[in-house]
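# Survey of secondary and tertiary structure
One letter stands for each residue in the lines below.
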Amino acid sequence: MRIDEVAGAPLRMSQPWQWGALVATSAVLVVILKAIQAPAALLLGPMAVGVAFGLKGATIRPAPVVFGGAQALVGCMIAMSATPGFYVGVVAHLPVYLGLAVSTLAITSAFGWVMSVRGWLPGTTAIWGLAPGASTAMVLMSEAFGGDRRLVAMIQYLRVLLVALVAMVLAQMTGAAPGHPQTDWLAHGDLGAVALTLAFAAAAGWVGKVSRIPAGIFLVPMLVGSALQATGVLQLQLPVLVTALAYAVVGWSIGLGFTRAAVIYSARMLPRILAVLALLLASCGLLAIGVSTITGVDLLSAYLATSPGGTDTILIIATSTPVDLPFILGGQLVRFLMVLAVGPILARALTARLASPAEVALPVPESIIAEPSPEARTHRRSS
């Protein structure tokens, strides 16, 4: 029997009605999360509703251009937090950041290697599924090197979701989630600055896309925007409703990836996947305790700097939580760049020790460096 037969029929609603229900339900959950002082409510609410709709059989997905625009806006939103001393702080903490990046790569590679050697997942799936950052590249490369791309995508989704949930719980436990101030949803700021910010987001996002940098549509607006913001060349501003919509699109893109077919396909191996992800997050948590002890930053900031989840998701949580955002941004940025440079090489080296010569000889799809995000690629496959 085929997976689509087991998964059942799609949600029996037209797509406009599905979108209406998704938006309305997300809005209600955001209000509830804000009422209970949950951090990153604008992201986690839509993400949770997206998971529910995805499992229910929803057939809607944010269009690639919409998701790309949301990522560019999120990059600008994060860049708005850059202070004049941001890059000075990155240089000052560079040894710590490099140590974090190396440690995270070592931990994820070790877990992936053990799972592959023991045969807990087919082929080299575990190596690619646990590799941090550049998720789209890892999903596509896994297929060329004997892994199961569907399982790799599911592992990547689960890791992002678990990291977000742990961050929310940790924020509550450490008291880093104070009551939310009253939100003025109609506030728009200086219209001239908003127009410049939107124009910059569109231009920088386009440059990130055509530059073929993994996650460039998010990374370029964030990096260039933070430099312009920190030097005072450009003052970035975005209306509250625009940022809320951008966060919601990112949350929906992640959540809607949890389709019934994907969950059913991975159900037999799901306990092993969850167990390893729990151990991975626990290991990164111990690393965060060490970082907090050495640097003096609070535990939640250290955890967000070390977490191997999606960089955009981590930084969205950080911007809506009273933490050391420059420290987190610097740590995630240095690790992201190291993963881009070393991650695929390391994963291929481990894969070469497991895969047959025929599998190792397969070419790596050139499109891995042209994708804006893991969610956009996975949603196009699942829709």
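Rules behind the numbers
Residues numbered from 1 in each chain as written. Predicted model: local features only at pLDDT ≥ 70, side-chain atom pairs only at ≥ 80, totals over all residues. Heavy atoms only, no water. Helix = DSSP H or I, 4+ residues; strand = E, 2+ residues; numbered from the N terminus. Buried < 20%, exposed > 50% of the residue type's maximum accessible area, 1.4 Å probe, protein only. Contact = heavy atoms within 4.5 Å. Areas by Shrake-Rupley, 256 points an atom, 1.4 Å probe, with all protein chains shown as cover. pLDDT = per-residue confidence, 0-100. Expected span 1.5 Å × (residues − 1). Axes fitted to C-alpha atoms, helices over the stretch in contact; angles between N-to-C directions. Left-handed = near helix turned anticlockwise from the far one by under 90°. Nonpolar A, V, L, I, M, F, W, Y, C, P; charged D, E, K, R; others polar. Phe/Tyr/Trp six-rings, centres within 6.5 Å; stacked < 30°, edge-to-face > 60°. Arc of directions from axis to C-beta. Parallel < 35°, antiparallel > 145°, perpendicular 65-115°, else oblique. Patch = residues over 30% accessible without salt bridge, like charges linked within 9 Å, V, L, I, M, F, W, Y side chains within 5 Å. Salt bridge = Lys/Arg side-chain N within 4 Å of Asp/Glu carboxyl O.

## Overview of the overall build of the protein chain
What the protein chain contains, in helices and strands, is 19 helices and 0 strands. A buried classification covers 52% of the 383 residues belonging to the protein chain. Within the protein chain, contacts between residues separated by at least 24 positions form 80% of all contacts whose residues are at least 6 apart in sequence. Carbon together with sulfur atoms contributes 71% to the accessible area of the protein chain, which is approximately 15,800 Å² in total.

## Things to note about the confidence of the model for the protein chain
Summary statistics for the protein chain give a mean pLDDT of 77 and a share of 78% for residues scoring 70 or more. Counting interchain partners and residues more than four positions distant, the pLDDT-below-50 stretch residues 1–8 has 8 contacts. Contacts for the low-pLDDT stretch residues 356–383, under 50 throughout, to residues beyond four places or in other chains number 65 contacts.

## Points about helix H14 (residues 270–295)
With 26 residues, H14 ought to run about 38 Å at 1.5 Å a step, and its terminal C-alpha atoms sit 36 Å apart, in line with that. All buried positions along H14 are accounted for by Ile273, Val276, Leu277, Leu280, Leu281, Cys284, Gly285, Ala288, Val291 and Ser292. Of the residues trailing H14, Gly296 is marked for its positive phi of about 85 degrees.

## Some thoughts on the packing of helix H3 (residues 41–56) against helix H12 (residues 240–255)
Where H3 meets H12, the axes come as close as 7 Å, and the angle between the chain directions of the two elements is 35 degrees. With respect to the hand of their crossing, H3 and H12 are arranged in right-handed fashion. Contacts from Leu42, Leu43, Pro46, Met47, Gly50 and Val51 of H3 reach H12 at Ala244, Tyr247, Ala248, Val250, Gly251, Trp252, Ile254 and Gly255. For the contact of H3 with H12, the residue count by class is 11 nonpolar, 3 polar and no charged.

## Side note on the side chain of Ser266
Position of Ser266 among the secondary structure elements: in helix H13 (residues 260–266). In contact with Ser266, other than residues within four places in its own chain, are Leu151 and Met154.

## Some remarks on the packing of aromatic side chains
Across all of its chains, the model carries 2 aromatic pairs by this definition. Between Trp19 and Trp252, the aromatic rings sit 6.0 Å apart at their centres with planes inclined by 65 degrees, giving edge-to-face as the arrangement. On the criterion of sequence distance, the pair formed by Trp19 in helix H2 (residues 15–35) and Trp252 in helix H12 is long-range, its members being 233 residues apart. According to the relative accessible area criterion, Trp252 is buried, its value standing at 6%.

## Details of helix H10 (residues 191–210)
Owing to its 3.6 residues per turn, the α-helix brings residues three or four apart onto one side. The terminal C-alpha atoms of H10, which comprises 20 residues, lie 29 Å apart, in line with the 28 Å expected from a rise of 1.5 Å per residue. When H10 is considered as a whole, its buried residues turn out to be Ala193, Val194, Thr197, Phe200, Ala201, Ala204, Gly205 and Gly208. Seen end-on, H10 carries its buried residues on one side only, within an arc spanning 130 degrees. Turned more than 90 degrees off the buried face of H10, the exposed positions are Leu191, Leu196, Ala202 and Trp206.

## Let's talk about the packing of helix H9 (residues 149–173) against H14
Where H9 meets H14, the axes come as close as 10 Å, and the angle between the chain directions of the two elements is 45 degrees. With respect to H14, the element H9 is oriented oblique. As H9 runs across H14, the sense of the crossing is right-handed. On H14, the residues touching Leu151, Ile155, Leu158, Arg159, Leu162, Val163 and Val166 of H9 are Leu270, Ile273, Leu274, Leu277, Leu280 and Leu281. Residue composition of the contact of H9 with H14, grouped by class: 12 nonpolar, no polar and 1 charged.

## Regarding a nonpolar patch on the surface
On the surface, Val28, Ile32 and Ile36 cluster together into a nonpolar patch covering about 270 Å² of accessible area. Within the secondary structure, Ile36 is located in the loop between H2 and H3.

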